[in-house]
Amino acid sequence: MTSSPRPLVFTLLLACALAAPGRVAAQAAPADALTPDRVGHMNLRELMQQEVVSTAARYDQHPAEAGSAVTIITAQEIEQFGYRTIQDVLSAVRGFYVTYDRNYSYIGVRGISPPGDYNARVLVQVDGQRINENTYDSVYIGTDSFIDLGIVDHVEVVHGPGSSLYGSNAVFAVVNFVTRSNTGRPSLSVEGDLGSLGTRSGRVQFGQTTDSGVDLLFAASRYNSDGHEALFFPQLANSTASGGWVHGSDGDAYERVFGKVSRRALTLQGALSNRRKSIPTGSYDTVFDDPRAETTDRRAFLAATYHSPTDRPTQINARVAFDRYVYDGSYPTDYGSDAAPDVLVNHDYARGSWFTTEWVASRRLGAAHHVVGGFEYRDNWQFVGNADRIVYTDLHARTRVAG
């Protein structure tokens, strides 16, 4: 698997992570944190009041008040069970299951997982920011996932359709990853891991709240795995020259960077991820056991949000964001015959860019009712095609979505 050059600063940060495994400093727990002693003295009603979700109805409410079934996964659970990716989290949620084809992972909900669906029927967000890209409406949940779970405070999973609030993709569920906010003294963590199959990874995370009230969060991580040196596919034992064996084509690598700056009601955040995966399965009639088969996926966004103070009777949430998605696939294809092979690496590509703005207002009426109204506009640019002697796809499109 080929590697692209990486920025010097990013490489140095991750080199520090690999050189100094383990947590350097832990963030001090706030005075009102849910410690075991506090939890032990709470009744059921008090415990339920400690949880607040915003994804179910687009305003803060307790899970018992939500009109949909809501599952909350806390940072403590993520750390306790060792979850590393979105698929790890969703695999532990009732009604969800995940499949893997040694390139991408796919979400199944209540026994439904249509082939080729690319996870388009589940809406995934980070702090309310849509992560599904605009070309295939897909969302990555494995090592290609966009979010580092080390920066997650909790995950809100809203079961069932949510299209009336979120539009397309929210068919089976809405999943929102809420990132951490800093309280107390600055915190720095540096972690490194070594594992089987040539796996090595590192992560650097820093958080601080300044004296002026500016909340800072930064995280960078890197992962590389050689994968299985040899894999056997019995269904191809009699139809391939290698007898169903593939060698050195299971590598996986990614880099991620996330940053967030908040002050009072305003937040600016951005993220960038890059993942490369070798494909050992000979998918799409490509040449089996050819190490040149691989995919590269890049995803980035920059968003500015405004959340009005919670003590105001009318809550206003506004967001302006720009997103970018890049996909490149290398597929060795034999256009010749058994007697005279003619192998050419076909390059598929997709480029997606989109601008989004959304405004949501909510107001409580009396003790039991809420009025919610909002507007969303999304402007999409999409480019999909391939560079080969045979052009299968050449699409340049611009679409607009308003709701």
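Presented here is a report on the structure given in the accompanying data block. Please read all numbers here as calculations on a predicted model, not as lab measurements.

This brings us to the overall build of the chain. Tallying secondary structure elements over the chain gives six helices and 19 strands in all. Within the chain, the fraction of its 403 residues that count as buried is 45%. In the chain, the share of contacts with a sequence separation of at least 24, taken over all contacts with a separation of at least 6, comes to 61%. Here the chain has roughly 20300 Å² of accessible surface; of this, 57% comes from carbon and sulfur atoms.

On the basis of which strands lie adjacent, the open sheet formed by five strands has the order S1-S6-S7-S4-S5 and mixed pairing. Only two strands of the sheet have a single partner each, and these edge strands are strand S1 (70–74) and strand S5 (129–130). Of the pairings in the sheet, the one linking strand S6 (residues 152–159) to strand S7 (residues 173–179) comprises seven bridges and is antiparallel in character. What sits directly across from Val157, in S7, is Val175.

The subject of this paragraph is the nonpolar core. Formed by 34 residues in total, the largest nonpolar core has its most connected members in Val155 and Phe177. When residues of this core are traced back to their parent elements, those giving at least two are helix H5 (86–91), strand S3 (105–109), strand S4 (122–126), S6, S7, strand S10 (214–225) and strand S15 (294–307).

All right, on to the environment of Gly329 then. Take Gly329: it is sitting in strand S16 (residues 314–334). Remark: the alpha-carbon pair of Gly329 and Asn386, spanning 57 residues in sequence, is separated by 9.0 Å. The contacts of Gly329, once residues within four sequence positions are left out, are Glu294, Thr295, Asn346, His347 and Asp348.

What follows is about the pairing of S3. Among the five residues in S3, five count as buried, and that is most of the element. Residues Ser105, Ile107 and Val109 of S3 are buried on one face, and the alternating residues Tyr106 and Gly108, pointing to the opposite face, are buried as well. Pairing analysis gives five bridges linking strand S2 (residues 96–100) to S3, with the strands arranged antiparallel. Each residue of the ladder has a partner; that of Tyr97, found in S3, is Gly108. The turn linking S2 back onto S3 is made up of four residues, and Arg102 within it adopts a positive phi angle of 65°.

Moving on to unusual backbone geometry. Of note in this structure, Arg102 is not a glycine but carries a positive phi near 65°. Of note, Arg102 is situated in the loop between S2 and S3. Despite not being glycine, Asn119 has its phi angle at roughly 65°, a positive value.

Before going further, it helps to spend a moment on the layout of surface pockets. Put simply, the second largest pocket is a space of about 750 Å³. Taken together, 32 residues form the lining of the second largest pocket, with Tyr118, Tyr284, Tyr327, Tyr331 and Asp348 sitting closest to its centre. Those elements that place two or more of their residues in the lining of the second largest pocket are S3, S16, strand S17 (343–365) and strand S18 (369–387). Residue composition of the lining of the second largest pocket, grouped by class: 16 nonpolar, 13 polar and three charged.

Attention now goes to the pattern of salt bridges. Summed over all chains, the structure comprises 18 salt bridges. Note that Arg275 and Asp144 form a salt bridge whose closest N and O atoms lie 3.7 Å from each other. One end of the pair, Arg275, is in strand S14 (residues 266–278); the other, Asp144, is in the loop between S5 and S6, with 131 residues separating them in the sequence. Put simply, Arg378 and Glu376 hold a salt bridge, and the shortest N to O gap is 3.1 Å. Classification of Arg378 by relative accessible area gives buried; the value is 7%. Residues participating in the shared-partner salt-bridge network are Arg102, Asp250 and Lys277.

Here we take up the packing of aromatic side chains. Enumeration over the complete set of coordinates arrives at nine aromatic pairs. Measuring from centroid to centroid gives 5.6 Å for Phe146 and Phe301, while their planes differ by 55°, and the two rings are tilted. Highlighted residues: Phe146 in the loop between S5 and S6 and Phe301 in strand S15, separated in sequence by 155 residues. Phe301 carries the same exposure label as Phe146, and that label is buried. Seen in terms of ring centroids, Tyr284 and Tyr331 are 5.9 Å apart; in terms of plane orientation they differ by 85°. Their pairing is edge-to-face. One end of the pair, Tyr284, is in the loop between S14 and S15; the other, Tyr331, is in strand S16, and 47 residues separate them in sequence. Here the aromatic cluster, defined as three or more aromatic residues joined through ring pairs, consists of Tyr104, Tyr140 and Tyr325. Note that Arg256 overlies the ring of Tyr254, its terminal NZ or CZ placed 4.0 Å from the centroid. In this arrangement the basic side chain of Arg299 is found over the ring face of Phe146, its NZ or CZ atom lying 5.2 Å from the centre.

Before going further, it helps to examine the sheet that holds S16. Remark on secondary structure: sheet strands pair via backbone hydrogen bonds, oriented parallel or antiparallel. Reading across from one edge, S8-S9-S10-S13-S14-S15-S16-S17-S18-S19 is the order of the 10 strands in this open sheet, with antiparallel pairing throughout. Edge positions in the sheet fall to strand S8 (187–195) and strand S19 (394–402), since each of these pairs with one other strand and no more. Strand-to-strand, the axes of this sheet are offset by a mean angle of 5°, without reference to chain direction. Two strands pair when backbone bridges link them, and S15 and S16 are joined in this way by 14 bridges, in the antiparallel orientation. Residue Phe301 lies in a different strand from S16, and its bridge partner there is Asp323.

Thresholds, definitions, all that
- Residues numbered from 1 in each chain as written.
- Predicted model: local features only at pLDDT ≥ 70, side-chain atom pairs only at ≥ 80, totals over all residues.
- Heavy atoms only, no water.
- Helix = DSSP H or I, 4+ residues; strand = E, 2+ residues; numbered from the N terminus.
- Buried < 20%, exposed > 50% of the residue type's maximum accessible area, 1.4 Å probe, protein only.
- Contact = heavy atoms within 4.5 Å.
- Areas by Shrake-Rupley, 256 points an atom, 1.4 Å probe, with all protein chains shown as cover.
- Pairing = 2+ DSSP bridges.
- Core = buried A, V, L, I, M, F, W, Y, C linked by side-chain atoms within 4.5 Å.
- 1 Å grid on protein atoms, 1.4 Å probe; cavity = no way out; pocket = protein on both sides within 12 Å on 5 of 7 lines; lining within 4 Å.
- Points joined across faces, edges and corners; volume = space filled by probe spheres on them.
- Nonpolar A, V, L, I, M, F, W, Y, C, P; charged D, E, K, R; others polar.
- Salt bridge = Lys/Arg side-chain N within 4 Å of Asp/Glu carboxyl O.
- Phe/Tyr/Trp six-rings, centres within 6.5 Å; stacked < 30°, edge-to-face > 60°.
- Lys NZ or Arg CZ within 6 Å of the ring centre and 35° of its normal.
- Axes fitted to C-alpha atoms, helices over the stretch in contact; angles between N-to-C directions.

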